Amino acid sequence: MSAEQPSLYEWAGGHEPLSRMINAFYDRVEQDELLAPFFPGGVPVNHRRHVGDWWAEVFGGPDRYTREHGGYENMLAHHRNLAITAEQRLRFATLMSLAADDAALPDDPEFRAALIGYLEWGTRIAMSNSQPGAEPTEHAPVPHWGWGVAPPFRPGG
Ligand code: HEM
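Residues numbered from 1 in each chain as written. Predicted model: local features only at pLDDT ≥ 70, side-chain atom pairs only at ≥ 80, totals over all residues. Heavy atoms only, no water.

- An unreviewed UniProt entry lists the chain under the name Group II truncated hemoglobin, from Jatrophihabitans telluris.

1. Examining the side chain of Arg48
Next, step 1: If you trace the backbone, Arg48 turns up in helix α3 (residues 45-58).
Next, step 2: Judged by relative accessible area, which is 13%, Arg48 ranks as buried.
Next, step 3: Those residues in contact with Arg48 that sit more than four places away from it in its chain are Ile22, Asn23, Tyr26, Asp27, Glu30 and Val43. (Helix = DSSP H or I, 4+ residues; strand = E, 2+ residues; numbered from the N terminus. Buried < 20%, exposed > 50% of the residue type's maximum accessible area, 1.4 Å probe, protein only. Contact = heavy atoms within 4.5 Å.)

2. Quick look at the coordination of the iron atom of the ligand
Next, step 1: Inspection of the coordination sphere of the iron atom of the ligand shows a single protein donor, His79 (NE2), at 2.0 Å.
Next, step 2: Tracing the backbone through its elements, the reader meets His79 in helix α5 (residues 71-79). (Donors = N, O, S within 2.8 Å, 3.2 Å for Na, K, Ca; no water.)

3. Description of the layout of surface pockets
Next, step 1: There is about 890 Å³ of room inside the largest pocket.
Next, step 2: Met75, His79, Phe92, Gly122 and Ala126 are the residues nearest the centre of the largest pocket, which is lined by 38 residues in total.
Next, step 3: Where the lining of the largest pocket is concerned, the elements lending two or more residues are α2 (15-30), α3, α5, α6 (86-102) and α7 (109-129).
Next, step 4: The element contributing the most residues to the lining of the largest pocket is α7, with nine residues.
Next, step 5: Considered class by class, the residues forming the lining of the largest pocket number 26 nonpolar, 11 polar and one charged. (1 Å grid on protein atoms, 1.4 Å probe; cavity = no way out; pocket = protein on both sides within 12 Å on 5 of 7 lines; lining within 4 Å. Points joined across faces, edges and corners; volume = space filled by probe spheres on them. Nonpolar A, V, L, I, M, F, W, Y, C, P; charged D, E, K, R; others polar.)

4. So, the packing of α2 against α3
Next, step 1: Packing of α2 against α3 leaves a shortest axis separation of 9 Å and a crossing angle of 130°. For the element pair α2 / α3, the angle class is oblique. Crossing of α2 over α3 shows right-handed handedness. Contact residues: His15, Leu18, Met21, Ile22, Asn23, Tyr26, Asp27 and Glu30 in α2; His47, Arg48, Val51, Gly52, Asp53, Trp55 and Ala56 in α3. (Axes fitted to C-alpha atoms, helices over the stretch in contact; angles between N-to-C directions. Parallel < 35°, antiparallel > 145°, perpendicular 65-115°, else oblique. Left-handed = near helix turned anticlockwise from the far one by under 90°.)

5. So, the nonpolar core
Next, step 1: One finds Leu18, Met21, Trp54, Trp55, Phe59, Phe111 and Leu115 to be the most contacted residues of the largest nonpolar core, which totals 38 residues.
Next, step 2: Listing elements by their share of this core, those giving two or more residues are α1 (8-12), α2, α3, α5, α6 and α7.
Next, step 3: Element by element, the count of residues in this core is highest for α2, at seven residues.
Next, step 4: In contact with Trp54, not counting residues within four places along its chain, are Tyr65, Gly71, Tyr72, Met75, Tyr118, Val142 and Pro143. (Core = buried A, V, L, I, M, F, W, Y, C linked by side-chain atoms within 4.5 Å.)

6. Side note on the site of the ligand
Next, step 1: Neighbouring the ligand are 20 residues, the closest being His50, Tyr65, His79, Phe92 and Tyr118.
Next, step 2: Side-chain polar atom of His50 to an oxygen atom of the ligand: 2.9 Å apart, as the coordinates give it.
Next, step 3: With respect to the ligand, the side chain of Tyr65 contributes an N or O atom lying 2.5 Å from an oxygen atom.
Next, step 4: More than half of the atoms belonging to the ligand lie within 2 Å of the grid points that define the largest pocket.
Next, step 5: Breaking the shell around the ligand down by element, the ones donating at least two residues are α3, α5 and α7.
Next, step 6: Top element by residues in the shell around the ligand is α3. It accounts for five residues.
Next, step 7: Of the residues belonging to the shell around the ligand, the class tally is 13 nonpolar, seven polar and no charged. (Near = heavy atom within 4 Å. Polar contact = N/O pair within 3.5 Å; in protein donor to acceptor, adjacent residues only side chain to side chain. Sits in = over half its atoms within 2 Å of the grid points.)

Written out as structure tokens, the structure reads:
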């Protein structure tokens, strides 16, 4: 962990806790009447792994999604024409927030504010890009998310 400010990935505890959150999230999705229809037959292990790699990279971990899974362009291609509704977006964000608790991710307000900030941002972009006729940014790096306005609370630090 860097002496100055840890990445969100480091603060979360690395890849394993983030994978736990993603798995808990998709377990909930499979039971959800608004989101399960996106994944007929359930959410495959590979999809769970890829999305876990995406979150890890966004939070400052290894750049595996860029190197092995096609980067931003592949993520964008998966969302095109899904026609995500506002209600589905909110449910997605709500289930991920619950999944962060399921997975016992750090629950300090600063970390959770950063996580929810990314979730709100990402789901709104995904919804917009998923509309038929949308003209999203075609090429971009995988985003990197940080602590935002609230740096990590470290007593005495
Ligand atoms: C923070 C917001 C989001 C992130 C980070 C995210 C991330 C991703 C990534 C990385 C993939 C591609 C996985 C792969 O490479 O195999 C993907 C696919 C997918 N996403 Fe999202 N997503 C977000 C929001 C949403 C929302 C709001 C919905 C729907 C309500 C959604 C539905 C889907 C579906 C259905 C696929 C799979 C499509 C297919 O297999 O053809 N995503 N997502």
